[in-house]
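# Residue-level structural notes
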Amino acid sequence: MAKADFETPELQEYVDVPELVEDTMVHLSPFVAKPDHNTDLNFPGELVEDWHDKALAKLDDLRGRFRSLQVYLDSCVKCGSCTDKCHYFLGTKDPKNMPVGRQDLLRKVYRRYFTFAGKYFPKLVGAKDLTRETLDEWYSYYHQCSQCRRCSVFCPYGIDTAEISMAAREILDSIGYGQKYCNEIIAKVNKIGNNLGLPGPALADTLEGLEEDVEDETGVAVKYPLDVKGADILLVTPSADFFAEPHVDGLIGYGKVFHEAGVSWTISSYASEAANFGMFIGSYENMRRVSLRIRKAALDLGVKRIVFGECGHAWRVAYAFLNTLAGPFDFLDPKYPVPQHILEFTWDQIQKGNLKLDKSANDDKVLTFHDSCNVARATRMGDKPGGQLEIPRNVIKAVCNNFVDMHHDTIGEKTFCCGGGGGLLTDDLMEIRVKGALPRMTALKNVMEEEGVTHMAAICAICKSQFTKVLPYYGMDMNQIVSIHQLVSEAIILTGQNSGDEEDEEGDEEDDDPDA
Amino acid sequence: MAIEIEGKTLETDEEGYLVNLKDWVPAVADAMAKEDDLELTDEHWDIINFLREYYDEYQIAPAVRVLTKAVGKKMGKEKGNSKYLYALFPYGPGKQACRFAGLPKPTGCI
């Protein structure tokens, strides 16, 4: 099973805009959600009989609720700016993977039923009836969009394909045609508290194991606390951080930073997930339900601050929506941002001189950094514009001697998606994941060849898993992807750490932590 | 989908995982491995048995680090890493080994 039945694109010096080949990806659709996953999310179990009318009613409802959607559907002038900006188009040549092509799948139906011209002169304005074929096309191509919003950076009208894709998925869910990967996972969060379905006792066992490992390695009893009432900080991190590699090395790093900062912190078994797939399926209600778990955990544990771990879309939900979804957070300490990103926390500690760092611990690597789409284009860190791009790099440079950026058209706000975001990180979509990774793989290969880069750091669980999986398709090594806090973890010298070799001479200035 | 084991038809999901975990017998692992062009050795079985025991206790597959640590303790430190596990289960210890062991597929951002 799971053998590749598609060709991995060949890496060239740069990604050429391909000549169009129609329908190269029309065969690819993710597995459909099982009835109980749908009903857990308050959607019909399976495709309803009157799906045609229900789908149109939902579209009508959404364009009323979200003014942005109506504007996006109306305002495209077919200028062509977006056409070569999507990684999935560049990797597949399929015109329906051009942002405008993707938008038009919904737009043509909108025009047919909700505009004067489309009702009476459909052919003139590209308006089309909603048919079963259209529905299947929506299901296929709206699950070939990672909602990364790169195209929207280049659209002169600011049309955000991600929102159109979210709306389409919401329509599909509302008629019982949901995606297995997302809906099964959201149902698990509602039942168990995280995407993995990792129950409290397993989480406790895993964290205890980490404590043992860190103490074995350093001689310092760094704690990874669970459900500690009265702790100052609630850490909300993607459950992949407990489970997978390289993610867990980042979690070890967060714990070391908290330890050295001298703050008390805890993970919650009830809200043991930062990810919020409610955003991927465009469901405000589900996004809210998942967010409310964080509020409840913060109240039950009596924490003063909430800090998010390395997770791209979670930081978008947290930064942009958490307060309206689950606020007000007036019970938290107003001296700190609500919520705060772990990189903001760590950068702050570095600037205050609270962390003792040995950069040479990472001298075996030359690093580059992959900006996560949701962090780069939808959020901020720190108190200056662009902080979400600068702070991760500042932290890397504070813990590593060798850092090089990839080509400027592929980073920052123009960053290319890893290829697995937006609910596509599932084996049944491997073909689009591999092909969509083409632009990032090209940029990485170039800095490897030209600058000797050996590793790429990321700050998103999806990016880390996606790259681990797709790097080998492009002849690179899965271990080249690392977490930023893994780098921090390597460089940090814990107070009282047994150094293994020489440097015991530092007993004099033990950086104690007056503030933090 | 389904898999034929010892004259019985066992239901599997679209990705080849057993639908009913209670259906599992060792022959399931052998049959699934054969489909993946793998021959199961004692080393494979050590992992599969550990996964099943862990699942019994915690209702979830072990985290990669929990697994590598257990393997390292039992079979020597040089084997306690994911490289060793990937050599045994090329499609990933989390996913391929879980399938052979009759556990549900781990989900999430992994």
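Please read these numbers as outputs of a predicted model, since none were measured by experiment.

This part takes up the overall build of chain B. For chain B, the count of helices and strands is five helices and two strands. In chain B, the succession of helices and strands from N to C terminus is β-β-α-α-α-α-α. For a compact globule of 110 residues, the expected C-alpha radius of gyration is about 13 Å, and chain B comes in at 13 Å, within 12% of that figure. In terms of its C-alpha atoms, chain B occupies a principal-axis envelope of roughly 40 × 30 × 25 Å.

Time to look at the sheet that holds strand 6 (residues 455-458) of chain A. Residues and elements named next belong to chain A. With parallel pairing, the three strands of this open sheet are ordered in space as 5-6-7. Sheet topology places strand 5 (367-369) and strand 7 (481-483) at the edges, where each strand pairs with a single neighbour. Neighbour-to-neighbour, the strand axes of the sheet open up by a mean angle of 40 degrees, direction not taken into account. The pairing of strand 6 with strand 7 spans three bridges and is classified as parallel. Within strand 7, the residue paired with A458 across the bridge is S483.

Turning next to the domain arrangement of chain B. Per the domain assignment, the segments making up chain B are domain 1 (2-35) and domain 2 (42-100). Using C-alpha coordinates to define each centre, domain 1 of chain B is positioned 19 Å away from domain 2 of chain B.

In this assembly, 30 residues from chain A lie in contact with 20 residues from chain B. Elements that contribute at least two residues to the side of chain A that touches chain B include exactly helix 10 (180-192), helix 11 (200-218), helix 12 (240-243) and helix 21 (461-470) of chain A. In terms of residue count, the dominant contributor to the side of chain A that touches chain B is helix 11 of chain A (five residues). Along the lines of polarity and charge, the residues of the side of chain A that touches chain B split into 19 nonpolar, six polar and five charged.

Right, let's get into the confidence of the model for chain B. Where the model shows low pLDDT, its predicted coordinates should not be examined in detail. Residue and element names in this part refer to chain B. Scored by pLDDT, chain B comes out at a mean of 93, with 100% of its residues at no less than 70. When mean pLDDT is taken per element in chain B, helix 1 (residues 26-35) scores highest with 96 and strand 1 (residues 2-5) scores lowest with 91. Here the predicted complex scores 0.95 on pTM and 0.95 on ipTM.

We now examine the domain arrangement of chain A. All names here are of chain A. Each domain of chain A was delimited in the assignment, giving domain 1 (35-184) and domain 2 (193-404 + 453-491). The C-alpha-based centres of domain 1 and domain 2 are spaced at 32 Å. In this complex, domain 1 contributes 13 residues to the contact, which on the side of domain 2 involves ten residues. Elements represented by at least two residues in the side of domain 1 that touches domain 2 include exactly helix 8 (150-154) and helix 9 (161-174). At five residues, helix 9 tops the list of elements feeding residues into the side of domain 1 that touches domain 2. Its residues assigned to classes, the side of domain 1 that touches domain 2 comprises six nonpolar, two polar and five charged.

Residue and element names in this part refer to chain A. Residue position: G178 is located in the loop between helix 9 and helix 10. In this structure, the C-alpha to C-alpha distance between G178 and N38, residues 140 residues apart in sequence, is 6.9 Å. For G178, the contacting residues outside a window of four places in its chain are A33, N38, F43, L172, D173 and N183.

Ranked by internal contacts, the top residues of the largest apolar core, which has 171 residues, are F243, F308, I396, A457 and L487 of chain A together with L51 of chain B. Here this core gets eight residues from one element, more than from any other, and that element is helix 15 (residues 312-326) of chain A. The residues touching F243 of chain A, leaving out its near neighbours within four places in the chain, are L196 and L198 of chain A together with A63, V64 and I110 of chain B.

This part covers the packing of helix 3 (residues 67-75) of chain A against helix 9 of chain A. All names here are of chain A. Relative orientation of the contacting elements helix 3 and helix 9 amounts to 110 degrees, with a least axis distance of 10 Å. As far as their axial angle goes, helix 9 and helix 3 are roughly perpendicular. Two packed elements cross with a definite hand, and for helix 3 against helix 9 that hand is left-handed. Here helix 3 contributes S68, L69 and Y72 to the contact with helix 9, which in turn contributes E163, I164 and A167. Taken together, the residues of the contact of helix 3 with helix 9 sort by class into four nonpolar, one polar and one charged.

Our focus in this paragraph is the sheet that holds strand 3 (residues 305-308) of chain A. All names here are of chain A. With parallel pairing, four strands are arranged side by side in an open sheet as 2-1-3-4. Edge positions in the sheet fall to strand 2 (265-267) and strand 4 (340-341), since each has one partner strand and no second. One ladder, built from two bridges, connects strand 3 with strand 4; its direction is parallel. If you follow V307 over to strand 4, its bridge partner there is Q340. This element, helix 14 (residues 284-301), spans strand 1 (233-236), strand 2 and strand 3 of the sheet and lies at about 150 degrees to strand 1.

The next thing to look at is the confidence of the model for chain A. With 96% of its residues at a pLDDT of 70 or more, chain A shows a mean pLDDT of 95. Predicted confidence is poor over residues 502-516 of chain A, with pLDDT under 50, and the contacts of this stretch with residues over four places away or in other chains come to 15 contacts.

Another point: helix 22 (residues 484-491) of chain A. With eight of eight residues buried, helix 22 of chain A lies mostly within the body of the structure. Listed as buried for helix 22 of chain A are I484, H485, Q486, L487, V488, S489, E490 and A491 of chain A.

Now for helix 2 (residues 51-65) of chain A. Residues and elements named next belong to chain A. Counted at 1.5 Å a residue, the expected span for helix 2 with its 15 residues is 21 Å, and the 20 Å between its end C-alpha atoms agrees. Of all the residues in helix 2, the buried ones are W51, A55 and L59. The buried residues of helix 2 occupy an angular sector of 75 degrees when projected down its axis, which confines them to one face. Away from its buried face by more than 90 degrees, helix 2 exposes D53, G64 and R65. Check the buried side of helix 2 and you find it contacts helix 5 (99-114) and helix 9.

All right, on to unusual backbone geometry then. All names here are of chain A. A cis geometry characterises the amide bond from G327 onward to P328, with omega recorded as 0 degrees. Locating P328 in the fold gives a position in the loop between helix 15 and strand 4. Note that the residue after V338, namely P339, is joined by a cis bond; omega there is -10 degrees. Along the chain, P339 turns up in the loop between helix 15 and strand 4. In the Ramachandran plot, K93 falls in the positive-phi region, its phi being about 65 degrees despite a non-glycine side chain. As for its placement among the helices and strands, K93 is situated in the loop between helix 4 (87-92) and helix 5. On the basis of neighbour counts, which here come to 18 C-beta atoms within 10 Å, the residue K93 falls in the partly exposed class.

Checked against the element boundaries, T426 of chain A lands in the loop between helix 18 (387-399) and helix 19 (430-436). The spacing of T426 of chain A and K469 of chain A is 43 residues in sequence and 11 Å in space, taken between C-alpha atoms.

Rules behind the numbers
- Residues numbered from 1 in each chain as written.
- Chains lettered and ligands numbered in written order.
- Predicted model: local features only at pLDDT ≥ 70, side-chain atom pairs only at ≥ 80, totals over all residues.
- Helix = DSSP H or I, 4+ residues; strand = E, 2+ residues; numbered from the N terminus.
- Rg over C-alpha atoms; globule rule 2.2 N^0.38 Å.
- Pairing = 2+ DSSP bridges.
- Axes fitted to C-alpha atoms, helices over the stretch in contact; angles between N-to-C directions.
- Domains from an automatic or database assignment.
- Contact = placed C-beta atoms within 7 Å.
- Nonpolar A, V, L, I, M, F, W, Y, C, P; charged D, E, K, R; others polar.
- pLDDT = per-residue confidence, 0-100.
- Core = buried A, V, L, I, M, F, W, Y, C linked by C-beta atoms within 7 Å.
- Buried ≥ 20, exposed ≤ 12 C-beta atoms within 10 Å, placed from the backbone.
- Parallel < 35°, antiparallel > 145°, perpendicular 65-115°, else oblique.
- Left-handed = near helix turned anticlockwise from the far one by under 90°.
- Expected span 1.5 Å × (residues − 1).
- Arc of directions from axis to C-beta.

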